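# Commentary on secondary and tertiary structure
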Amino acid sequence: MKNVAVIGAGTMGNGIAHTFAQFDYKVQLIDVSQNSLDKGMATITKNLDRMVSKEIISEEDKIKTLKNITTYTSLEDGVEYASLVVEAATENVDLKLKIFRDLDKFCPEDTILASNTSSISITKIAAETSRPDMVIGMHFMNPVPVMKLVEIIRGYSTSDQTYTTVEEISKKLSKVPVEVNDYPGFVANRILMPMINEAIETLYNGVAGVQEIDTVMKLGMAHPMGPLQLADFIGLDVCLSILNVMYDGFKNPKYAPCPLLVNMVMAGKMGIKSGEGFYDYSESRRAEKVSGQFLK
């Protein structure tokens, strides 16, 4: 199984493609936008250059990795010979369901279909296909080339053979696979997102400021990054989407997103990717604290 298609060239998709290619898999990186593909490849090249400068890999390794990746704007062409597909599109239920219906049509019958979704039901995704036993969650952590964990999520019908295959592949990528059952948020986000949401609530209620909250969690709890900065890094829209999935799935008010998070996303303040979230990432005020305009 050395031929892998990755759907989506964004932050997670290009990281997944980079990782597979670095371990000598032939990767078809697919996105509807050529501009997104170009940006994705530029990011992969930049990250490989950083690894070369730190002497983690050689220049030859970098060149070999890049040669292992081919880009496509056509889903049908990109998955024609794939043994494994890893979908890493936007965290949108309707979009993912459509992608998996198309993958079921275009992929060979023995292709395993994996989703990098951080919260959406694998069972629901699998039900859109004629091969639910071959659909699985493969939730990488960001940044993918660095982080070791892969949550492997079994849908209701995922077969033992599919699970074992994906587990072995994860180990070949020097990752640590952890088996997880299919419930909203899985393990990582079921624990992480309520913490982030509570940090936002703490800010919203005026208990402390952005930097103060992050400093308490970094120095007091030994977190490498404060929860508000981490939310910016993940994307506030992604955090909101995951919280909504858990809120809808469990019908438990403890998962209801903080109104401040909802308002920031509506205002287009998504974090690093939009240039502003809880911190300002513009060139003039990079990573400085945003003033309290959303608290008024």
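Since the structure is predicted, the reported quantities are computational estimates derived from the model, not experimental observations.

Reading the values: the criteria
- Each chain carries its own residue numbering, running from 1 in the written order of its sequence.
- The predicted origin of the model limits local features to residues at a pLDDT of at least 70 and limits the giving and counting of side-chain atom pairs to 80 or more, whereas totals for whole chains, interfaces and linings rest on all residues.
- Calculation of side-chain values draws on the structure's entire complement of heavy atoms; hydrogens and water are dropped beforehand.
- Start and end points for every domain follow an automatic or database-based domain assignment.
- The contact rule is simple, with two residues in contact once any of their heavy atoms fall within 4.5 Å.
- Accessible area, probed at 1.4 Å, shrinks when two parts are joined; the buried area is that loss added up over both.
- Here, a salt bridge means any side-chain nitrogen of Lys or Arg that lies within 4 Å of a carboxyl oxygen of Asp or Glu.
- Polar contacts, as used here, are pairs of N or O atoms within 3.5 Å; protein pairs need one atom able to donate a hydrogen and one able to accept it. Residues neighboring in sequence count only if both atoms are side-chain atoms.
- Here the term charged refers only to Asp, Glu, Lys and Arg, the term nonpolar to Ala, Val, Leu, Ile, Met, Phe, Trp, Tyr, Cys and Pro, and the term polar to all other amino acids, Gly among them.
- UniProt positions are given in the numbering used here, feature names are shortened, and annotations may be inferred rather than shown by experiment.
- Counting from the N terminus, the helices are the DSSP runs of H or I reaching at least four residues and the strands are the DSSP runs of E reaching at least two.
- For the exposure calls, accessible area comes from a 1.4 Å probe over protein chains only, and a residue counts as buried if that area is under 20% of its type's maximum, exposed if over 50%, partly exposed in between.
- Aromatic pairs are defined between Phe, Tyr and Trp rings, using the six-membered ring for Trp, whenever the two ring centres lie within 6.5 Å; interplanar angles under 30 degrees are classed as stacked, those over 60 as edge-to-face, and all others as tilted.
- Angles shown run from 0 to 180 degrees and are taken between the N-to-C directions of axes, each axis being a line fitted to C-alpha atoms and, for helices, limited to the stretch in contact.
- Geometric relationships in this document are graded by angle, where less than 35 degrees denotes roughly parallel, more than 145 denotes roughly antiparallel, 65 to 115 denotes roughly perpendicular, and other angles denote oblique.
- If you view the pair so one helix is near and one far, a crossing is left-handed when the near helix is turned anticlockwise from the far one by less than a right angle, and right-handed when it is turned clockwise.

### A closer look at the domain arrangement of the protein chain
- Here the domain parsing of the protein chain yields domain 1 (3-181) and domain 2 (189-290).
- Across the boundary between the two partners, domain 1 contributes seven residues, which contact five residues of domain 2.
- Carbon and sulfur atoms make up 56% of the surface buried where domain 1 meets domain 2, a total of about 500 Å² over both sides.
- Sorting the residues of domain 1 by area buried against domain 2 places E91, S118 and S119 first, and these three jointly supply 63% of that buried surface.
- At the boundary of domain 1 with domain 2, the tally comes to zero salt bridges.
- Counting the contacts that link domain 1 with domain 2 gives two residue pairs in polar contact (both at pLDDT 80 or more).
- Across the side of domain 1 that touches domain 2, the residue classes tally to two nonpolar, four polar and one charged.

### So, the UniProt feature "binding site: NAD(+)" (unreviewed entry) in the protein chain
- As annotated by UniProt and renumbered to match this structure, "binding site: NAD(+)" (unreviewed entry) occupies G8, A9, G10, T11, M12, G13, D31, E91, K96, S118, N142 and K273.
- Counting through the fold element by element, G10 comes out in the loop between β1 (3-7) and α1 (11-22).
- The exposure class assigned to G10 is partly exposed, which follows from its relative accessible area of 38%.
- Its place among the elements puts G13 in helix α1.
- Dropping the residues within four chain positions of it, G13 is found in contact with V6, G8, L29 and A88.

### As for the packing of aromatic side chains
- Throughout the structure, instances matching the rule amount to three aromatic pairs.
- The interplanar angle of 90 degrees and the centroid separation of 5.2 Å between the aromatic rings of F20 and Y25 together place this pair among those described as edge-to-face. Per residue, the accessibility class of F20 equals that of Y25, and both read buried.
- Taken together, a centroid distance of 6.4 Å and an interplanar angle of 70 degrees make the contact between F20 and F140 edge-to-face. Note that F20 is positioned in helix α1 and F140 in strand β6 (residues 135-140), a separation of 120 residues in sequence. We note that F20, like F140, is buried.
- Clustering of aromatic rings is evident, with ring pairs tying together F20, Y25 and F140.

### Brief notes about the packing of helix α2 (residues 34-53) against helix α3 (residues 59-67)
- Axis separation between α2 and α3 bottoms out at 9 Å; the angle between their running directions is 160 degrees. In terms of orientation, α2 and α3 fall into the roughly antiparallel class. Where α2 crosses over α3, the two elements pack in a sense that is right-handed. The residues of α3 that touch α2, namely those facing M41, I44, T45, L48, D49 and V52, are E59, K62, T65 and L66.
- Residue composition of the contact of α2 with α3, by class: five nonpolar, two polar and three charged.

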